[in-house]
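# Observations on the model geometry
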Amino acid sequence: MKPQRTWFYGRSAVVTGASDGMGRIVSEKLINVFGCRVIGIARSADKLINVKNGLGKLSGRFDCIAADVSDAAFWKDFGARLTHENADVDILINNAGVMPPFIPLRDTTEEVFERTTDVNYKAVYYSIKNLLPVLKKSSAAVIVNVSSAAALCPLAGTAVYSASKAAVKSLTEAFTAEEKNIYVSFVCPGFTKTNLFRDTGDFFESRLISLLSSSAEKAADKILKGMAKRKKRMIIGSDAKTLRAFHKIAPSLSAPVVLAVMKASGLEVFDELCKKQ
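Remember, it's a predicted structure, so these values are computed and weren't measured experimentally. (Residues numbered from 1 in each chain as written. Predicted model: local features only at pLDDT ≥ 70, side-chain atom pairs only at ≥ 80, totals over all residues. Heavy atoms only, no water.)

Helix and strand counts for the chain come out as 10 helices and nine strands. Counting only residues that meet the buried cut, the chain has 52% of its 277 residues in that class. Within the chain, contacts between residues separated by at least 24 positions form 72% of all contacts whose residues are at least 6 apart in sequence. When the accessible surface of the chain is totalled, it reaches about 13,300 Å², and 52% of it is carbon and sulfur. (Helix = DSSP H or I, 4+ residues; strand = E, 2+ residues; numbered from the N terminus. Buried < 20%, exposed > 50% of the residue type's maximum accessible area, 1.4 Å probe, protein only. Contact = heavy atoms within 4.5 Å. Areas by Shrake-Rupley, 256 points an atom, 1.4 Å probe, with all protein chains shown as cover.)

Right, dumping it as structure tokens:
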């Protein structure tokens, strides 16, 4: 893509989950297309270095930090460091997330519950809480939180995941009303071909799931185009839009109907969920 001049061109961004999938592509496009500097945060130092090396002559625009986004102490120290250095941060994109396997809530361990909540929801709060003073110095402050289509239509087998992403959506909507001088948005992608689904088996081997899913590249483009238009919500993918419409029309029927489709699919990824129904 050619460089694009938009209102956030040349700004400085913090992107979580920047080592892979949508986070990596968003980071690369912010640098290559929109002339931004990016601080990428993810758990894997090696993967972050790969992102930096892949940027070639623009690698100097990418700084990487290997950290666990669910660590409150990390965000406190990071925010304090940015303040001490009088660093500029204009954009915060909370993209990091985890998705447990499709299993009933009764079989979900406390460890899985806590990890999912910590990464998907608490990390969003920690980042905003500690970077807000820095962001408020910007004349073009941006916060984009990646939620999920599961926040629009909760699916059986994803109770903890759906709840964590619904919490992100609600936090963002409330926060938007509180902060008038910051552009705040949330993103609800449907099934997206990223490593988020690494714990859910061979998910994309299904022809139906593959057809309904968006590529990480397409999802990243939608996010950046939405930002350029200052959209306050972005629903990405035909599956996400269909689930949202279905849940609005028949909220009590949407989850059972989707569960029936899961059972009928015969996909191994849904076996643990469906055999106990």
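With 12 residues, helix 1 (residues 21–32) should reach 16 Å at 1.5 Å per residue; the first-to-last C-alpha distance of 16 Å fits that figure. The element helix 1 is extensively covered by neighbouring structure, given that nine of its 12 residues are classed as buried. For helix 1, the set of buried residues is Gly21, Met22, Gly23, Ile25, Val26, Ser27, Lys29, Leu30 and Ile31. (Expected span 1.5 Å × (residues − 1).)

Turning our attention to empty space enclosed by the protein. Going through the model one piece at a time under the given rule, you end up with three cavities of 30 Å³ or more. Volume-wise, the largest cavity comes out at about 80 Å³. Lining the largest cavity we find Met99, Pro100, Pro101, Ile103, Leu105, Thr108, Val112, Gly157, Thr158, Ala159, Val160 and Tyr161. In terms of residue class, the lining of the largest cavity is made up of nine nonpolar, three polar and no charged. (1 Å grid on protein atoms, 1.4 Å probe; cavity = no way out; pocket = protein on both sides within 12 Å on 5 of 7 lines; lining within 4 Å. Points joined across faces, edges and corners; volume = space filled by probe spheres on them. Nonpolar A, V, L, I, M, F, W, Y, C, P; charged D, E, K, R; others polar.)

Right, let's get into the packing of helix 1 against helix 7 (residues 216–228). With their axes 9 Å apart at the nearest point, helix 1 and helix 7 run at an angle of 55 degrees to one another. Here helix 1 is positioned oblique relative to helix 7, judged by the angle of their axes. Crossing of helix 1 against helix 7: the hand is right-handed. Contacts from Gly21, Met22, Ile25, Val26, Lys29 and Leu30 in helix 1 reach Ala216, Glu217, Ala219, Ala220, Asp221, Ile223 and Leu224 in helix 7. Residue composition of the contact of helix 1 with helix 7, grouped by class: nine nonpolar, one polar and three charged. (Axes fitted to C-alpha atoms, helices over the stretch in contact; angles between N-to-C directions. Parallel < 35°, antiparallel > 145°, perpendicular 65-115°, else oblique. Left-handed = near helix turned anticlockwise from the far one by under 90°.)

Looking now at the pairing of strand 5 (residues 142–146). Burial of strand 5 is extensive: five of the five residues sit out of reach of the surface. Side-chain alternation along strand 5 places Val142, Val144 and Val146 on one buried face and Ile143 and Asn145 on a second face that is also buried. Note that strand 4 (residues 91–94) and strand 5 share four bridges and pair parallel. Within strand 5, the residue paired with asparagine 94 across the bridge is asparagine 145. Alignment of strand 5 against strand 6 (residues 183–189), held across five bridges, turns out to be parallel. Among the inter-strand pairings, valine 142 is bridged to a residue of strand 6, identified as tyrosine 183. In this view, the connection linking strand 5 to its parallel neighbour strand 6 by way of helix 5 (residues 159–178) has right-handed handedness. (Pairing = 2+ DSSP bridges. Right-handed = clockwise from strand over helix to strand, strands pointing away.)

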